Amino acid sequence: MFAGTGFGGTGLGGNGLAGTRLGKRVLSRWFAVGTVVVSLAALVLADPAAADAAPLSVCSGQPQKTVSFAHGGLRIYKARGYACALTVADQPGARRAMRVSLQARGGSPLVDSGDFTQHAGPVTVHALNRCVRASGAVSGASASTGWVLC
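Residues numbered from 1 in each chain as written. Predicted model: local features only at pLDDT ≥ 70, side-chain atom pairs only at ≥ 80, totals over all residues. Heavy atoms only, no water.

A. Region of the structure containing the sheet that holds strand β2 (residues 72–79). Sheet architecture is open: four strands sit in the order β1-β2-β3-β6, paired in antiparallel fashion. In this open sheet, the two edge strands, each paired with only one partner strand, are β1 (62–69) and β6 (119–126). Direction aside, the axes of adjacent strands within the sheet are offset by 15 degrees on average. Bridge count for strand β3 (residues 82–89) against β6 is six bridges, and the pairing is antiparallel. Bridged to A85 within β6 is V123. (Pairing = 2+ DSSP bridges. Helix = DSSP H or I, 4+ residues; strand = E, 2+ residues; numbered from the N terminus. Axes fitted to C-alpha atoms, helices over the stretch in contact; angles between N-to-C directions.)

Structural data, given as structure tokens:
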């Protein structure tokens, strides 16, 4: 039908789209859609208890320090020139007072506080070649670090 363009055949076999760039793009997109569908199905069918065992972090980067205290824990992460902190409750559920604070040396502390169900934060500061200190609290119990990530 259209000579030399690869649009002349019917379907994807024979002289159709399969051997052309367009045909390869169409097939790769269908493959990508199929991969996404299979991945989503795996997430839906996954064991819900496994999701509770390892909570996902809302901070990017590698975990650097964890400080546990009654009712929760303080987590500090570092990625490139930034540090990130959050306070996580041991028993997520009911709203309760939570607080997280992160300060880079020479800067002002960033604070996230309020009544939360799972975590306070994240708070992120620029910490390239600077130490940071953090503190966190859940329901009156608290913990803090000295200067870390130096």
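B. Region of the structure containing the state of the cysteines. As enumerated under the stated definition, the model contains two disulfides in all. Residue C59 pairs covalently with C84 via a disulfide, S to S 1.9 Å. Linking C59 and C84, the disulfide has an S-S dihedral of approximately -60 degrees and is accordingly described as left-handed. One end of the pair, C59, is in the loop between α2 (48–53) and β1; the other, C84, is in strand β3, with 25 residues separating them in the sequence. Comparing C59 with C84 shows no difference in burial state: the two are buried. C131 shares a disulfide with C150; S-S distance 1.9 Å. Handedness of the C131-C150 disulfide follows from its S-S torsion of about 130 degrees: it is right-handed. (Disulfide = S-S within 2.5 Å. Buried < 20%, exposed > 50% of the residue type's maximum accessible area, 1.4 Å probe, protein only.)

C. Geometry of the pairing of strand β7 (residues 132–138). Taken across its seven residues, β7 has six buried, putting it largely inside the fold. Two elements, β7 and strand β8 (residues 141–144), share four bridges in a ladder whose sense is antiparallel. Residue pairing across strands places G136 opposite A143, the latter belonging to β8. The turn linking β7 back onto β8 is made up of two residues, and S139 within it adopts a positive phi angle of 50 degrees.

D. Representation of the packing of aromatic side chains within the structure. Tallied over the full model, the rule gives zero aromatic pairs. One Lys or Arg, R105, reaches over the ring of W147 and ends 4.4 Å from the middle of that ring. (Phe/Tyr/Trp six-rings, centres within 6.5 Å; stacked < 30°, edge-to-face > 60°. Lys NZ or Arg CZ within 6 Å of the ring centre and 35° of its normal.)

E. The sheet that holds β8, seen in detail. Taken in spatial order, the four strands line up as β5-β4-β7-β8 in an open sheet, and their pairing is antiparallel. The open sheet has two edge strands with one neighbour each: β5 (110–116) and β8. Averaged over all neighbouring strand pairs, the angle between strand axes comes to 5 degrees, with direction disregarded. The pairing of strand β4 (residues 96–104) with β5 spans seven bridges and is classified as antiparallel. Opposite V100, over in β5, you have D112 as the bridge partner.

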